[in-house]
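What follows is each chain in one-letter form.
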Amino acid sequence: MAEDSSQEKTEEPTPKRLEKAREEGQVPRSRELTTSVLLLGGTICLFMLGGYITERLESIMRFNLSLDRKSLFDTNLMFRQLGESIYDGLFILVPIFSVLAFASILGPISLGGWLFSAKSLAPKASRMNPGAGLKRMFGVKGLMELVKSVGKVLVILILALFLLDFQKEDILRLAYQDVNVALENSMVLAGIAAIILAASTILIAIVDVPFQIWDNARKLKMSLQEIKDEMKDSEGKPEVKGRIRQLQREMAQNRMMANVPEADVVITNPTHFACALKYDPTNMATPILLAKGGDNIALKIREIAKANKIEIIESPQLARAIFYTTEIDDEIPAGLYMAVAQVLAYVFGLQNFRRGQGERPMFPRDVPIPPDMRFDQ
(Lines give C-alpha, C1' and ligand atoms only; values in the text may rest on other atoms or scores of the structure.)
Protein backbone atom coordinates (compact mmCIF):
# COMPACT_ATOMS: atom_id res chain seq x y z
CA MET A 1 0.00 0.00 0.00
CA ALA A 2 1.40 3.33 -0.96
CA GLU A 3 2.56 5.58 1.87
CA ASP A 4 1.69 9.24 1.61
CA SER A 5 3.44 11.36 4.23
CA SER A 6 1.94 14.56 2.85
CA GLN A 7 -1.50 13.68 4.25
CA GLU A 8 -2.43 13.52 7.90
CA LYS A 9 -3.34 10.08 9.18
CA THR A 10 -6.67 10.84 10.80
CA GLU A 11 -8.75 7.80 9.79
CA GLU A 12 -9.24 4.64 11.81
CA PRO A 13 -7.41 1.60 10.38
CA THR A 14 -9.33 -0.73 8.11
CA PRO A 15 -9.72 -4.45 8.96
CA LYS A 16 -7.14 -5.27 6.28
CA ARG A 17 -4.66 -2.83 7.81
CA LEU A 18 -5.19 -4.34 11.26
CA GLU A 19 -4.73 -7.86 9.90
CA LYS A 20 -1.54 -6.88 8.08
CA ALA A 21 -0.17 -5.18 11.19
CA ARG A 22 -0.86 -8.29 13.24
CA GLU A 23 0.90 -10.47 10.67
CA GLU A 24 3.92 -8.17 11.01
CA GLY A 25 3.84 -8.42 14.79
CA GLN A 26 2.62 -4.86 15.30
CA VAL A 27 0.34 -5.29 18.30
CA PRO A 28 0.29 -3.39 21.61
CA ARG A 29 2.83 -4.79 24.07
CA SER A 30 3.79 -3.53 27.52
CA ARG A 31 7.22 -4.40 28.88
CA GLU A 32 6.14 -2.97 32.21
CA LEU A 33 3.25 -5.42 32.42
CA THR A 34 5.54 -8.35 31.58
CA THR A 35 8.14 -7.17 34.12
CA SER A 36 5.45 -6.76 36.79
CA VAL A 37 4.04 -10.25 36.21
CA LEU A 38 7.54 -11.79 36.26
CA LEU A 39 8.60 -10.00 39.46
CA LEU A 40 5.36 -10.71 41.27
CA GLY A 41 5.25 -14.35 40.18
CA GLY A 42 8.90 -14.92 41.04
CA THR A 43 8.80 -13.29 44.48
CA ILE A 44 5.57 -15.06 45.49
CA CYS A 45 7.06 -18.38 44.37
CA LEU A 46 10.25 -17.75 46.36
CA PHE A 47 8.26 -16.72 49.42
CA MET A 48 6.06 -19.82 49.31
CA LEU A 49 8.92 -22.23 48.54
CA GLY A 50 11.52 -20.50 50.73
CA GLY A 51 11.40 -23.13 53.48
CA TYR A 52 11.63 -26.00 51.01
CA ILE A 53 14.55 -24.40 49.14
CA THR A 54 16.39 -23.69 52.40
CA GLU A 55 16.03 -27.28 53.57
CA ARG A 56 17.24 -28.66 50.23
CA LEU A 57 20.23 -26.30 50.13
CA GLU A 58 21.11 -27.26 53.70
CA SER A 59 20.91 -30.91 52.67
CA ILE A 60 23.26 -30.29 49.74
CA MET A 61 25.77 -28.50 51.98
CA ARG A 62 25.69 -31.31 54.54
CA PHE A 63 26.11 -33.84 51.75
CA ASN A 64 29.26 -32.09 50.50
CA LEU A 65 30.80 -31.19 53.87
CA SER A 66 30.11 -34.36 55.85
CA LEU A 67 32.83 -36.71 54.66
CA ASP A 68 34.51 -39.61 56.40
CA ARG A 69 38.27 -40.29 56.25
CA LYS A 70 37.93 -43.04 53.65
CA SER A 71 36.01 -40.82 51.25
CA LEU A 72 38.74 -38.17 51.37
CA PHE A 73 41.12 -40.55 49.63
CA ASP A 74 38.69 -41.34 46.80
CA THR A 75 39.93 -39.41 43.73
CA ASN A 76 36.57 -39.67 41.94
CA LEU A 77 34.54 -38.43 44.90
CA MET A 78 34.74 -34.75 43.95
CA PHE A 79 33.20 -35.34 40.52
CA ARG A 80 30.43 -37.55 41.91
CA GLN A 81 29.61 -35.06 44.64
CA LEU A 82 29.60 -32.19 42.13
CA GLY A 83 27.32 -34.03 39.70
CA GLU A 84 24.81 -34.99 42.36
CA SER A 85 24.85 -31.47 43.84
CA ILE A 86 24.21 -29.87 40.46
CA TYR A 87 21.33 -32.26 39.83
CA ASP A 88 19.78 -31.54 43.23
CA GLY A 89 20.28 -27.80 42.77
CA LEU A 90 18.59 -27.79 39.39
CA PHE A 91 15.73 -29.87 40.76
CA ILE A 92 15.21 -27.23 43.45
CA LEU A 93 14.98 -24.50 40.81
CA VAL A 94 12.45 -26.34 38.59
CA PRO A 95 9.35 -24.84 40.32
CA ILE A 96 10.78 -21.32 40.13
CA PHE A 97 11.77 -21.70 36.48
CA SER A 98 8.30 -23.09 35.69
CA VAL A 99 6.57 -20.13 37.32
CA LEU A 100 8.86 -17.65 35.56
CA ALA A 101 8.31 -19.35 32.19
CA PHE A 102 4.54 -19.22 32.68
CA ALA A 103 4.72 -15.57 33.77
CA SER A 104 6.90 -14.67 30.77
CA ILE A 105 4.17 -16.01 28.47
CA LEU A 106 1.20 -14.70 30.46
CA GLY A 107 2.55 -11.12 30.59
CA PRO A 108 2.81 -10.49 26.81
CA ILE A 109 -0.38 -12.33 25.80
CA SER A 110 -2.39 -10.40 28.40
CA LEU A 111 -2.09 -7.42 26.05
CA GLY A 112 -2.29 -8.13 22.32
CA GLY A 113 -3.00 -11.84 22.61
CA TRP A 114 -0.95 -14.81 21.42
CA LEU A 115 1.08 -13.99 18.33
CA PHE A 116 4.18 -15.37 16.64
CA SER A 117 5.41 -13.40 13.66
CA ALA A 118 8.62 -14.20 11.81
CA LYS A 119 8.39 -10.80 10.09
CA SER A 120 8.96 -8.99 13.37
CA LEU A 121 12.25 -10.89 13.77
CA ALA A 122 13.52 -9.99 10.30
CA PRO A 123 16.24 -7.30 10.22
CA LYS A 124 15.12 -3.87 9.05
CA ALA A 125 17.35 -1.08 7.81
CA SER A 126 15.11 1.47 9.53
CA ARG A 127 16.08 0.05 12.91
CA MET A 128 19.74 0.83 12.22
CA ASN A 129 19.03 4.35 11.02
CA PRO A 130 20.60 6.83 13.53
CA GLY A 131 18.07 9.50 12.56
CA ALA A 132 15.15 7.20 13.29
CA GLY A 133 16.77 6.21 16.57
CA LEU A 134 17.14 9.82 17.67
CA LYS A 135 13.55 10.47 16.65
CA ARG A 136 12.40 7.58 18.85
CA MET A 137 14.55 8.80 21.75
CA PHE A 138 13.20 12.36 21.69
CA GLY A 139 9.69 11.53 20.49
CA VAL A 140 6.50 10.81 22.42
CA LYS A 141 7.51 7.25 23.16
CA GLY A 142 10.97 8.28 24.34
CA LEU A 143 9.44 10.83 26.68
CA MET A 144 7.04 8.19 27.99
CA GLU A 145 9.93 5.78 28.67
CA LEU A 146 11.73 8.52 30.63
CA VAL A 147 8.62 9.24 32.67
CA LYS A 148 8.18 5.52 33.38
CA SER A 149 11.81 5.12 34.48
CA VAL A 150 11.61 8.09 36.84
CA GLY A 151 8.23 6.86 38.06
CA LYS A 152 9.54 3.38 38.82
CA VAL A 153 12.46 4.79 40.85
CA LEU A 154 10.20 7.13 42.82
CA VAL A 155 7.49 4.52 43.48
CA ILE A 156 9.95 1.86 44.65
CA LEU A 157 12.00 4.36 46.69
CA ILE A 158 8.96 5.81 48.46
CA LEU A 159 7.49 2.38 49.12
CA ALA A 160 10.83 1.03 50.39
CA LEU A 161 11.16 3.94 52.86
CA PHE A 162 7.58 3.36 53.97
CA LEU A 163 8.25 -0.36 54.52
CA LEU A 164 11.42 0.38 56.52
CA ASP A 165 9.51 2.75 58.74
CA PHE A 166 6.59 0.36 59.10
CA GLN A 167 8.82 -2.67 59.93
CA LYS A 168 11.52 -0.90 61.96
CA GLU A 169 10.33 -2.34 65.26
CA ASP A 170 10.27 -5.87 63.85
CA ILE A 171 13.74 -5.36 62.37
CA LEU A 172 15.18 -4.03 65.66
CA ARG A 173 13.55 -6.91 67.56
CA LEU A 174 15.63 -9.40 65.54
CA ALA A 175 18.73 -8.43 67.54
CA TYR A 176 17.22 -9.88 70.73
CA GLN A 177 16.07 -13.18 69.20
CA ASP A 178 17.77 -16.53 68.90
CA VAL A 179 19.89 -16.87 65.77
CA ASN A 180 17.69 -19.47 64.09
CA VAL A 181 14.49 -17.62 64.95
CA ALA A 182 15.99 -14.32 63.84
CA LEU A 183 17.05 -15.79 60.54
CA GLU A 184 13.59 -17.21 59.94
CA ASN A 185 11.85 -13.95 60.86
CA SER A 186 14.24 -11.89 58.77
CA MET A 187 13.50 -14.05 55.73
CA VAL A 188 9.76 -13.57 56.29
CA LEU A 189 10.17 -9.78 56.56
CA ALA A 190 12.37 -9.71 53.45
CA GLY A 191 9.91 -11.88 51.53
CA ILE A 192 6.92 -9.71 52.40
CA ALA A 193 8.87 -6.56 51.49
CA ALA A 194 9.93 -8.11 48.16
CA ILE A 195 6.34 -9.05 47.28
CA ILE A 196 5.08 -5.55 48.13
CA LEU A 197 7.86 -3.89 46.11
CA ALA A 198 7.19 -6.23 43.17
CA ALA A 199 3.46 -5.46 43.38
CA SER A 200 4.26 -1.73 43.25
CA THR A 201 5.37 -2.16 39.63
CA ILE A 202 1.73 -2.82 38.79
CA LEU A 203 1.16 0.93 39.25
CA ILE A 204 3.58 1.61 36.40
CA ALA A 205 1.93 -1.09 34.26
CA ILE A 206 -1.49 0.47 34.85
CA VAL A 207 -0.17 3.69 33.30
CA ASP A 208 1.83 1.97 30.55
CA VAL A 209 -0.89 -0.37 29.21
CA PRO A 210 -3.33 2.38 28.09
CA PHE A 211 -0.40 4.31 26.58
CA GLN A 212 0.76 1.30 24.55
CA ILE A 213 -2.79 0.72 23.27
CA TRP A 214 -3.10 4.42 22.32
CA ASP A 215 0.36 4.51 20.73
CA ASN A 216 -0.28 1.39 18.66
CA ALA A 217 -3.66 2.75 17.46
CA ARG A 218 -1.96 6.04 16.56
CA LYS A 219 0.67 4.27 14.46
CA LEU A 220 -1.98 2.27 12.61
CA LYS A 221 -4.09 5.28 11.63
CA MET A 222 -4.39 5.89 7.89
CA SER A 223 -4.80 8.83 5.58
CA LEU A 224 -7.72 9.07 3.16
CA GLN A 225 -5.34 8.40 0.27
CA GLU A 226 -4.08 5.20 1.92
CA ILE A 227 -7.67 3.98 2.35
CA LYS A 228 -8.40 4.72 -1.32
CA ASP A 229 -5.23 2.93 -2.42
CA GLU A 230 -6.14 -0.08 -0.28
CA MET A 231 -9.61 -0.26 -1.81
CA LYS A 232 -8.09 -0.12 -5.30
CA ASP A 233 -5.61 -2.87 -4.43
CA SER A 234 -8.24 -5.14 -2.91
CA GLU A 235 -11.17 -4.46 -5.21
CA GLY A 236 -9.54 -3.14 -8.35
CA LYS A 237 -10.03 0.13 -10.19
CA PRO A 238 -13.63 1.16 -10.95
CA GLU A 239 -13.14 1.07 -14.71
CA VAL A 240 -11.60 -2.40 -14.53
CA LYS A 241 -14.41 -3.68 -12.29
CA GLY A 242 -16.96 -2.16 -14.66
CA ARG A 243 -15.38 -3.91 -17.63
CA ILE A 244 -15.30 -7.22 -15.73
CA ARG A 245 -18.99 -6.90 -14.86
CA GLN A 246 -19.80 -6.08 -18.50
CA LEU A 247 -17.95 -9.19 -19.69
CA GLN A 248 -19.72 -11.28 -17.05
CA ARG A 249 -23.11 -9.99 -18.22
CA GLU A 250 -22.22 -10.72 -21.84
CA MET A 251 -21.12 -14.25 -20.98
CA ALA A 252 -24.32 -14.83 -18.98
CA GLN A 253 -26.42 -13.51 -21.87
CA ASN A 254 -24.59 -15.76 -24.33
CA ARG A 255 -25.25 -18.81 -22.14
CA MET A 256 -28.87 -17.75 -21.78
CA MET A 257 -29.31 -17.29 -25.54
CA ALA A 258 -27.79 -20.71 -26.14
CA ASN A 259 -30.67 -22.21 -24.10
CA VAL A 260 -33.45 -20.51 -26.11
CA PRO A 261 -33.58 -23.21 -28.87
CA GLU A 262 -34.50 -25.76 -26.17
CA ALA A 263 -37.62 -23.78 -25.13
CA ASP A 264 -41.18 -24.96 -25.83
CA VAL A 265 -42.68 -21.47 -25.96
CA VAL A 266 -41.66 -17.81 -25.84
CA ILE A 267 -44.17 -15.50 -24.15
CA THR A 268 -43.88 -11.83 -25.17
CA ASN A 269 -45.27 -8.44 -24.17
CA PRO A 270 -45.20 -8.32 -27.33
CA THR A 271 -42.10 -6.10 -27.82
CA HIS A 272 -40.70 -5.01 -24.47
CA PHE A 273 -40.38 -8.41 -22.75
CA ALA A 274 -39.75 -11.98 -23.82
CA CYS A 275 -39.63 -15.11 -21.62
CA ALA A 276 -38.61 -18.55 -22.94
CA LEU A 277 -40.13 -21.50 -21.05
CA LYS A 278 -39.46 -25.22 -21.16
CA TYR A 279 -41.58 -28.04 -19.76
CA ASP A 280 -40.95 -31.76 -20.01
CA PRO A 281 -43.74 -33.66 -18.21
CA THR A 282 -41.57 -36.76 -17.82
CA ASN A 283 -38.64 -34.99 -16.09
CA MET A 284 -40.01 -31.74 -14.66
CA ALA A 285 -42.53 -31.05 -11.94
CA THR A 286 -43.10 -27.49 -13.16
CA PRO A 287 -41.97 -25.38 -16.14
CA ILE A 288 -38.66 -23.54 -15.85
CA LEU A 289 -37.51 -20.22 -17.26
CA LEU A 290 -34.64 -20.67 -19.72
CA ALA A 291 -34.23 -17.05 -20.80
CA LYS A 292 -35.74 -13.63 -20.30
CA GLY A 293 -34.98 -10.11 -21.38
CA GLY A 294 -36.29 -6.70 -22.27
CA ASP A 295 -36.06 -4.51 -25.38
CA ASN A 296 -32.99 -5.56 -27.42
CA ILE A 297 -32.52 -8.82 -25.53
CA ALA A 298 -36.23 -9.58 -25.96
CA LEU A 299 -35.85 -8.94 -29.70
CA LYS A 300 -32.87 -11.31 -29.83
CA ILE A 301 -34.84 -14.02 -27.99
CA ARG A 302 -37.71 -13.71 -30.50
CA GLU A 303 -35.28 -13.89 -33.44
CA ILE A 304 -33.70 -17.09 -32.10
CA ALA A 305 -37.17 -18.53 -31.42
CA LYS A 306 -38.31 -17.82 -34.99
CA ALA A 307 -35.13 -19.33 -36.39
CA ASN A 308 -35.74 -22.51 -34.38
CA LYS A 309 -39.52 -22.59 -35.09
CA ILE A 310 -40.44 -22.12 -31.43
CA GLU A 311 -43.98 -20.90 -30.82
CA ILE A 312 -44.19 -17.21 -29.81
CA ILE A 313 -47.26 -16.30 -27.76
CA GLU A 314 -48.33 -12.72 -27.05
CA SER A 315 -49.59 -12.44 -23.47
CA PRO A 316 -48.51 -9.08 -21.99
CA GLN A 317 -49.66 -9.64 -18.39
CA LEU A 318 -48.18 -13.11 -18.21
CA ALA A 319 -44.91 -12.03 -19.84
CA ARG A 320 -44.48 -9.20 -17.31
CA ALA A 321 -45.42 -11.45 -14.39
CA ILE A 322 -42.82 -14.08 -15.35
CA PHE A 323 -40.18 -11.43 -16.06
CA TYR A 324 -40.49 -9.78 -12.65
CA THR A 325 -41.05 -12.85 -10.45
CA THR A 326 -38.80 -15.56 -11.92
CA GLU A 327 -35.03 -15.83 -12.34
CA ILE A 328 -33.19 -17.76 -15.04
CA ASP A 329 -33.24 -21.55 -14.50
CA ASP A 330 -35.86 -21.19 -11.73
CA GLU A 331 -39.27 -22.84 -11.65
CA ILE A 332 -42.40 -20.83 -12.36
CA PRO A 333 -44.04 -19.50 -9.15
CA ALA A 334 -47.09 -21.40 -7.91
CA GLY A 335 -49.31 -18.40 -8.58
CA LEU A 336 -48.61 -18.63 -12.31
CA TYR A 337 -49.13 -22.40 -12.68
CA MET A 338 -52.65 -22.08 -14.11
CA ALA A 339 -51.77 -19.32 -16.57
CA VAL A 340 -48.63 -21.08 -17.83
CA ALA A 341 -50.50 -24.40 -18.02
CA GLN A 342 -53.12 -22.86 -20.35
CA VAL A 343 -50.41 -21.43 -22.62
CA LEU A 344 -48.49 -24.72 -22.74
CA ALA A 345 -51.67 -26.68 -23.40
CA TYR A 346 -52.39 -24.38 -26.34
CA VAL A 347 -48.81 -24.78 -27.69
CA PHE A 348 -48.80 -28.57 -27.36
CA GLY A 349 -52.29 -28.76 -28.90
CA LEU A 350 -51.18 -26.53 -31.78
CA GLN A 351 -48.19 -28.79 -32.40
CA ASN A 352 -50.49 -31.84 -32.51
CA PHE A 353 -52.85 -30.02 -34.88
CA ARG A 354 -49.99 -29.23 -37.26
CA ARG A 355 -49.06 -32.90 -37.26
CA GLY A 356 -52.65 -33.72 -38.19
CA GLN A 357 -53.65 -34.91 -34.75
CA GLY A 358 -56.77 -33.37 -33.25
CA GLU A 359 -58.49 -30.04 -33.74
CA ARG A 360 -56.98 -26.59 -33.70
CA PRO A 361 -56.94 -25.36 -30.06
CA MET A 362 -58.43 -22.05 -28.93
CA PHE A 363 -55.94 -19.30 -28.13
CA PRO A 364 -55.99 -18.39 -24.40
CA ARG A 365 -56.99 -14.73 -24.30
CA ASP A 366 -57.50 -14.08 -20.58
CA VAL A 367 -55.06 -16.22 -18.59
CA PRO A 368 -55.52 -15.98 -14.79
CA ILE A 369 -52.83 -13.73 -13.21
CA PRO A 370 -52.95 -13.21 -9.41
CA PRO A 371 -53.39 -9.53 -8.41
CA ASP A 372 -50.04 -9.45 -6.57
CA MET A 373 -48.27 -10.62 -9.77
CA ARG A 374 -49.72 -8.02 -12.11
CA PHE A 375 -47.18 -5.45 -13.21
CA ASP A 376 -47.90 -2.39 -15.29
CA GLN A 377 -45.53 -1.75 -18.17
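The model shown is predicted, which means the values in this text are computed figures rather than measured ones.

Student: How would you summarise the pairing of strand β3 (residues 288-294) if you had to cite specific residues and measurements?
Tutor: Here β3 lies mainly inside the structure; six of its seven residues are buried. Here strand β2 (residues 273-278) runs beside β3; their pairing, made up of six bridges, is antiparallel. Residue pairing across strands places Ala 274 opposite Gly 293, the latter belonging to β3.

Student: Tell me about the sheet that holds strand β1 (residues 265-268), and please be specific about residues and values.
Tutor: The sheet built from four strands is open, its strands ordered β3-β2-β1-β4 with mixed pairing. Edge positions in the sheet fall to β3 and β4 (311-314), since each of these pairs with one other strand and no more. Mean inter-strand twist for the sheet, computed between neighbouring axes without regard to direction, equals 20°. Relative to β4, β1 runs parallel, the two being bridged by four bridges. From the neighbouring strand, Val 266 faces β4, where its bridge partner is Ile 312. Set on the sheet, helix α11 (residues 316-325) makes contact with β1, β2, β3 and β4; between it and β2 the angle comes to about 75°.

Student: Any details on helix α4 (residues 77-109)? Residues and values, ideally.
Tutor: Between its first and last C-alpha, α4 extends 48 Å over 33 residues, near the 48 Å set by a 1.5 Å rise per residue. At Val 94, α4 is deflected by roughly 40°, the largest bend along its length, and proline Pro 95 occurs up to four residues later in sequence. Taken as a whole, α4 has its buried residues at Leu 77, Gln 81, Ser 85, Ile 92, Ile 96, Ala 103 and Gly 107. Tucked into the core, α4 has its buried residues touching α2 (31-65) and α3 (69-72).

Student: Let's hear about the pattern of salt bridges: which residues, and what values?
Tutor: Across all of its chains, the model carries seven salt bridges by this definition. Salt-bridge contacts for Asp 170 lead to Arg 173; the nearest nitrogen and oxygen are separated by 2.7 Å. Residue Asp 170 and its partner Arg 173 are located together in helix α6 (residues 140-173), separated by three residues, close to a single helical turn. By relative accessible area, Asp 170 is classed as partly exposed at 32%. Residue Asp 215 pairs with Arg 218 through a salt bridge whose shortest N-O separation is 2.5 Å. In this pair, Asp 215 and Arg 218 both sit in helix α7 (residues 179-220), three residues apart, roughly one turn of the helix. Assessed through its relative accessible area of 38%, Arg 218 is described here as partly exposed. When salt bridges that share partners are traced, they join Asp 215, Arg 218 and Lys 219 into one network.

Calculation notes
- Residues numbered from 1 in each chain as written.
- Predicted model: local features only at pLDDT ≥ 70, side-chain atom pairs only at ≥ 80, totals over all residues.
- Heavy atoms only, no water.
- Buried < 20%, exposed > 50% of the residue type's maximum accessible area, 1.4 Å probe, protein only.
- Helix = DSSP H or I, 4+ residues; strand = E, 2+ residues; numbered from the N terminus.
- Pairing = 2+ DSSP bridges.
- Axes fitted to C-alpha atoms, helices over the stretch in contact; angles between N-to-C directions.
- Contact = heavy atoms within 4.5 Å.
- Expected span 1.5 Å × (residues − 1).
- Bend = angle between axes of the 7 residues up to and from the residue.
- Salt bridge = Lys/Arg side-chain N within 4 Å of Asp/Glu carboxyl O.

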